[in-house]
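# Chains, contacts and geometry: an overview
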Amino acid sequence: MDNKPRKRGRKPKNSPSPETMDFQFTSNVPPNDTVPVPSTTTTSSEIPATSTSPPPSRRGRGRPRKVGKQTETLEQPKSPERRLTRHSEQNGDFCAPGSEIRLNNMMGIAVAAAAAEWESAVKVVPAMDAVVKVFCVHTDPNFSLPWQRKRQYSSSSSGFIVGRRRVLTNAHSVEHHTQVKLKKRGSDTKYLATVLAIGTECDIALLTVSDDEFWEGVTPVDFGDLPALQDAVTVVGYPIGGDTISVTSGVVSRIEILSYIHGSTELLGLQIDAAINSGNSGGPAFNDKGKCVGIAFQSLKHEDVENIGYVIPTPVIMHFIHDYEKNGAYTGFPVLGVEWQKIENPDLRLSIGMGTNQKGVRIRRIEPTAPESQVLNPSDVILSFDGINIANDGTIPFRHGERISFSYLVSQKYTGDKALVKVLRNSKILEFSIKLATHKRLIPAHNSGRPPSYYIVAGFVFTAVSVPYLRSEYGKDYEFDAPVKLLDKHLHAMAQSIDEQVVVISQVLVADINIGYEEIVNTQVLSFNGKPVKNLKNLAEMVEICEDEFLKFDLEYQQIVVLQNKTAKAATLDILATHCIPSAMSDDLRT
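Residues numbered from 1 in each chain as written. Predicted model: local features only at pLDDT ≥ 70, side-chain atom pairs only at ≥ 80, totals over all residues. Heavy atoms only, no water.

### Some points on the overall build of the protein
To keep it simple, the criterion reads: Secondary structure elements are taken from DSSP: a helix is a run of H or I of four residues or more, a strand is a run of E of two residues or more, and numbering for both begins at the N terminus. Between buried and exposed lies partly exposed: a residue is buried under 20% and exposed over 50% of the maximum accessible area for its type, with that area taken using a 1.4 Å probe on protein chains only. Every residue pair with non-hydrogen atoms within 4.5 Å of one another is taken to be in contact. Note on areas: Shrake-Rupley with a 1.4 Å probe; residue coverage comes only from the protein chains shown.
For the protein, the count of helices and strands is 10 helices and 28 strands. Counting only residues that meet the buried cut, the protein has 45% of its 591 residues in that class. The contacts in the protein between residues at least 6 apart in sequence include a share of 63% that link residues at least 24 apart. About 32,200 Å² of surface is accessible on the protein, with carbon and sulfur atoms providing 49% of the total.

### Examining the packing of aromatic side chains
Filter applied, for reference: To pair, rings of Phe, Tyr and Trp, with the six-membered ring standing in for Trp, must have centres within 6.5 Å; the planes then decide the type, stacked if under 30 degrees apart, edge-to-face if over 60, and tilted in the middle.
Under the defined criterion, the tally for this structure stands at 12 aromatic pairs. For the ring pair W147 and Y454, a centre distance of 5.9 Å and an interplane angle of 70° mean the geometry is edge-to-face. Placement of W147 in the loop between β1 (131–138) and β2 (153–162) and of Y454 in strand β22 (residues 454–457) is noted, with a sequence separation of 307 residues between them. Here the two residues W147 and Y454 agree in accessibility, since each one is buried. Note on Y191 and F214: the rings are 5.3 Å apart at their centroids and 70° apart in plane angle, and the pair reads as edge-to-face. Placement of Y191 in strand β5 (residues 190–192) and of F214 in the loop between β7 (204–208) and β8 (232–237) is noted, with a sequence separation of 23 residues between them.

### Here we look at the environment of A493
Topologically, A493 is positioned in the loop between α8 (484–491) and β24 (503–508). Considering only alpha carbons, one finds A493 and L442, 51 residues apart in sequence, at a separation of 6.8 Å. Those residues in contact with A493 that sit more than four places away from it in its chain are L442 and D488.

### Digging into the pairing of strand β20 (residues 418–425)
Stated formally: Following DSSP output, two strands are said to pair if at least two bridges run between them.
Pairing between strand β16 (residues 381–385) and β20: four bridges, direction antiparallel. Across the sheet, I382 pairs through a bridge with V423, a residue of β20. Pairing of β20 with strand β21 (residues 428–435), which is carried by eight bridges, proceeds in the antiparallel orientation. Bridge pairing links R425 to K428 in β21.

### Section: α8
Inclusion rule: By construction, the arc corresponds to the directions joining the helix axis to the C-beta atoms.
Every buried residue of α8 is accounted for by L486, L487, K489 and H490. The arc enclosing the buried residues of α8, seen along the axis, measures out at 160°, which places them on a common side. In α8, those exposed residues whose orientation departs by more than 90 degrees from the buried face are V484 and L491. On its buried side, α8 packs onto α6 (467–474), α7 (478–481), β24 and β25 (523–528).

### Digging into the confidence of the model for the protein
Note the threshold: Confidence of the predictor in every single residue is expressed as pLDDT, which spans 0 to 100.
For the protein, the average pLDDT comes to 82, and 77% of its residues sit at 70 or higher. Low pLDDT, under 50, characterises residues 11–64; the predicted model gives this stretch 84 contacts beyond four residues in sequence or across chains.

### Notes on the sheet that holds strand β13 (residues 309–313)
Pairing between sheet strands relies on hydrogen bonds along the backbone, with the strands arranged either parallel or antiparallel. Put simply, the rule reads: The convention used is that axes are lines fitted to C-alpha atoms, helices contributing only their stretch in contact, and that angles between N-to-C directions extend from 0 to 180 degrees.
Reading around the barrel, the six strands line up as β8-β9-β10-β13-β12-β11 and close back on themselves, with antiparallel pairing between neighbours. Taking the axes of each pair of neighbouring strands and ignoring which way they run, one obtains an average angle of 50° across the sheet. Across eight bridges, strand β9 (residues 246–260) lies against strand β10 (residues 265–272) in antiparallel orientation. Note that in β10 the partner of I255 across the bridge is L270. Packing of helix α3 (residues 314–327) onto the sheet brings it into contact with β9, β10, β12 (292–299) and β13, and relative to β13 it is tilted by some 45°.

### Thoughts on α6
An α-helical segment advances 3.6 residues per turn. Residues three or four places apart therefore align on the same side. What α6 keeps buried is the set V467, P468, Y469 and L470. Considering only its buried residues, α6 is in contact with β23 (460–464), α7, α8 and β24. Just past α6, the residue G475 takes up positive phi, approximately 80°.

### Some details on the pattern of salt bridges
Condition: By definition here, a salt bridge exists when the distance from a side-chain nitrogen of Lys or Arg to a carboxyl oxygen of Asp or Glu is within 4 Å.
Tallied over the entire structure, the rule returns 14 salt bridges. Of the charged contacts in the structure, one is a salt bridge between E256 and R254, with a shortest N-O distance of 3.8 Å. When its relative accessible area of 42% is taken as the criterion, R254 is described as partly exposed. For E339, the salt bridge goes to R365, with nearest N and O atoms at 3.0 Å. With a gap of 26 residues between them, E339 in strand β14 (residues 338–342) and R365 in strand β15 (residues 361–366) connect regions that are remote in the sequence. Its relative accessible area of 23% is what places E339 among the partly exposed residues. In this structure, a network of salt bridges that share partners links the residues E339, R364 and R365.

Quick look at the structure:
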């Protein structure tokens, strides 16, 4: 060992002495069954210091500074004790004489302070045990090859237990499910679950478990009122990055009508600044009183924004639950089947005969399949809905200092309910009682979990267009890459009847019978042998019973396809066998 004299200068840094280590003992205090909100984390500054705690000593460079007279409570330990203290810091099993009592006192204070903090955290989130992890195996349909399904895959998300042996989660968490399992917090058992209802428009699903053991010892979550701006929210769930429960907190930053991506609908939503990651979907959002105020369901991912998440609020949740209890199934959110225009221009208001005190919105178009088409007319001005006046920009008073689109009033109704609508027509005020119904889209936003329909003859694959089909063919940017004709029908066209569909030739399975037609892809079929095509089933029936010599299909862009009837139908079986297709039509077209 080198015995060279030690040079003066900067002394080696030591760890804090036991007298100043009171904050380190809080890590062993919390109970095993609670997870605190991040804002309630105990720090050393929150624990009160005792009168016996010496102030931290500060050392400078060079010779140690001389210490003058001090009071007894702040007396510095003598040299032997300082050496013993240094020894205890290195080994962790020795306390300097006289410091044991002070250390025990500080430990007691730290324990009490930490216990108070953890108790407050429990009050914030009292229903942590009601949050479950959802395991789902999906088998998505293949819309490009509708006679088969895609490879199955697994996902995990969150959910929570509500009353009457029910579990709520997101619809996209269990979409196209083949098996769903639930695991409670702190349990190692996965329980098989049954999907009772899926609300695609509102992105909510209702589950249950038949095993009684799953429901033992769990208190259902209670729902709270719609929060206000800047109210604190805590999102609880099982996001990626770990297997245990995760808690993130934030505040409500916006309340408005949002676009629900999964269902392509617009409903009331909450914007929060708490992080919502993959796996958080379906987890509850609690307020500071421990009441559930929403379900986490999507986040905004953009290079210019950070930590923007969206929550399905309690009015939408309760509408879904009451709809299921009332009808025994999910029937959807009704809509007012009209397209309207703002009337903010004074000249426009004057031209349609509106008074200075009258406000409302002008009807542009009416869905032919909507009940409103029987009583309302284009250019009518909607003045009020159920007695609530509508402003020229289409908004209504919501809460103090807030306004919201009047579509919120419509979404609060149930399918089949009636609403009183006051309109201005030719300078006269009229009132109508309208029966509300769900929206019929010409190109549906989803298939409600059903597999796609198809029909094949002579290698021509016919199918009905839907948003999932466009997404399968052209990817997530289908609104930019799909054919203009289809996009126009998707965005602007209205169904003239309940059963109307847009039928296309999706592809041609090459064979000798269809030489010259190989390049026809996603082109709409307008008529068959001179008769208009209403939907896919109508086309399949006309082709099957056709006894004409030729099969003639009139397509978009003035194209035609002509095939010999007997030859085409005879070649169909060989084409099906070549491509391993079990049937020439989907099961739903047989009934």
